[in-house]
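Close look at the chain arrangement
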Amino acid sequence: MDYFLKKLHNKETNSALVFKRISPFLAYVKPRVNDQITFERSLRYIILTGLYMKIILTVCWIIFLLQAKAQLIDSLNTAKNCSYMKKEEKEMIYEINQLRSNPGSYLIYIVPLLKEQETLVKNFGKGSRDYSLSFRTETDNDKQKTYIDTNWYYSNEEKLNALKTLVDDLKKLKPLRILQPDRGIYAAAQKHAKDEEDHQWTLLHTGSDGSEPWDRIKKFSPRMMSTGENIAGSYPKPTARDILIQLLIDEGIPGYGHRRNLLDPQWTHMACLTDGLQEGMYRWIQDFGEKN
C-alpha cells in the first residue's frame, strides 16, 4: 500500500513539474492565440463590410440607371399629356423619338431581318416580279398635274437591298432632333383620314379637294415652313414598332421616301393618327412639320 501511495505522489510531483516547465510557453502562446482569434474576427468583419458596401453600391447604381432611364423615357414621350391623341398615337410618337434619339439602337431589330432575308434570297432566289406605283405632282402654268410612275422589281431582292441600305443609314446617322406634338398637324391628319374613309382609302396623299400634305398642314398649323407625310397600313393589327419598321425598310418605294421622312433632321413637330381597321388594313397617318 505504501508503495502505491509513493507512486501516486511521484506522478503528481512529475505533473506539477511538467506544468511548471510549460507554463512560460503557455504564457507566450495564449496571447498569440487570442491575437489570432482577434485577427480572424477583424478579417471576417472587413470582408463582410466590403461585401455589404459592394451590395449597397450595386443597388445605388441600379437605382441611378433606373432613374436615368425614366428621365430618358420622359424626355422622349413628348405626347404623353396630349389629351387629343389616342394611346396608340402617343406610343407611335414615343417610338419615333426613340429611333431619332439613337438611330443605331434600331439595328437590334433590323440586322436579324437582314440575315433572314439573305437566307431567303440564297435559298429561293430573287423572288417574283412585282411593281409599285409612285405619285408626283408638278405645277405647269399654275395647274397641278399628278404623274404616276411604275417601279418594277423582284420582291425578295428588293427587300434585301432595302434592308442593306437601312443598316448602312442607321450605322452612319447621328442622333436627330426629338419631335414635339402639334395640335394643328394632328387636325390636318384628321381631315385627311376622314377624306380617305369617304374614298375607301384610295386617295394616297392627295385629298379629294386636290390638297397636298403641305396645304393641309399649313392650313391648320400656319407656322410650319416645310412638311411631310407618311401613310401606312398593315394586317393583322400592328404595334407602333411594326409600322415604324415597315416604313423604315420601305421596299418598293423609290428613294425610300417614308424612311427619309422619319429620319429627316429638319422636322421639329409631328402628329400621328391611327384610323383603326379600314378597308382590310389598320391605317396610320404620320405628318411632319418644321416650325418657323
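Parameters at a glance
Residues numbered from 1 in each chain as written. Predicted model: local features only at pLDDT ≥ 70, side-chain atom pairs only at ≥ 80, totals over all residues. Heavy atoms only, no water. Core = buried A, V, L, I, M, F, W, Y, C linked by side-chain atoms within 4.5 Å. Buried < 20%, exposed > 50% of the residue type's maximum accessible area, 1.4 Å probe, protein only. Helix = DSSP H or I, 4+ residues; strand = E, 2+ residues; numbered from the N terminus. Contact = heavy atoms within 4.5 Å. Phe/Tyr/Trp six-rings, centres within 6.5 Å; stacked < 30°, edge-to-face > 60°. Lys NZ or Arg CZ within 6 Å of the ring centre and 35° of its normal. Arc of directions from axis to C-beta.

Once that is clear, we can look at the nonpolar core. With 48 residues, the main nonpolar core has Met85, Ile96, Leu99, Leu248 and Leu262 as its most contacted residues. Breaking this core down by element, the ones donating at least two residues are α2 (87-101), α3 (107-124), α4 (155-172), α5 (183-198), β4 (224-234), α7 (240-249), β5 (269-278) and β6 (281-291). Among the elements that take part in this core, α7 stands out by supplying 7 residues, more than any other. Non-local contacts of Leu99, meaning those with residues more than four positions away in its chain, are made with Tyr106, Leu170, Leu244, Leu248, Leu262 and Leu263.

A word on the packing of aromatic side chains. Note on aromatic pairs: each is described by the distance of the centres and the angle between the planes. Tallying each qualifying case throughout the model produces 5 aromatic pairs. A centroid spacing of 5.2 Å and a plane angle of 55° characterise the contact between Tyr84 and Tyr186, whose relative ring orientation is tilted. Here the residue Tyr84 occupies a position in the loop between α1 (2-76) and α2, and Tyr186 occupies one in helix α5, the gap between them amounting to 102 residues. A centroid spacing of 4.9 Å and a plane angle of 75° characterise the contact between Tyr106 and Tyr109, whose relative ring orientation is edge-to-face. The buried category is assigned to Tyr106, whose relative accessible area is 2%. Above the ring of Tyr154, the side-chain terminus of Arg129 is found at 6.0 Å from the ring centroid.

Moving on, we come to helix α6 (residues 213-220). All of the buried residues in α6 are Pro213, Arg216 and Ile217. The buried residues of α6 occupy an angular sector of 95° when projected down its axis, which confines them to one face. Close packing links the buried residues of α6 with α5, β4 and β6.

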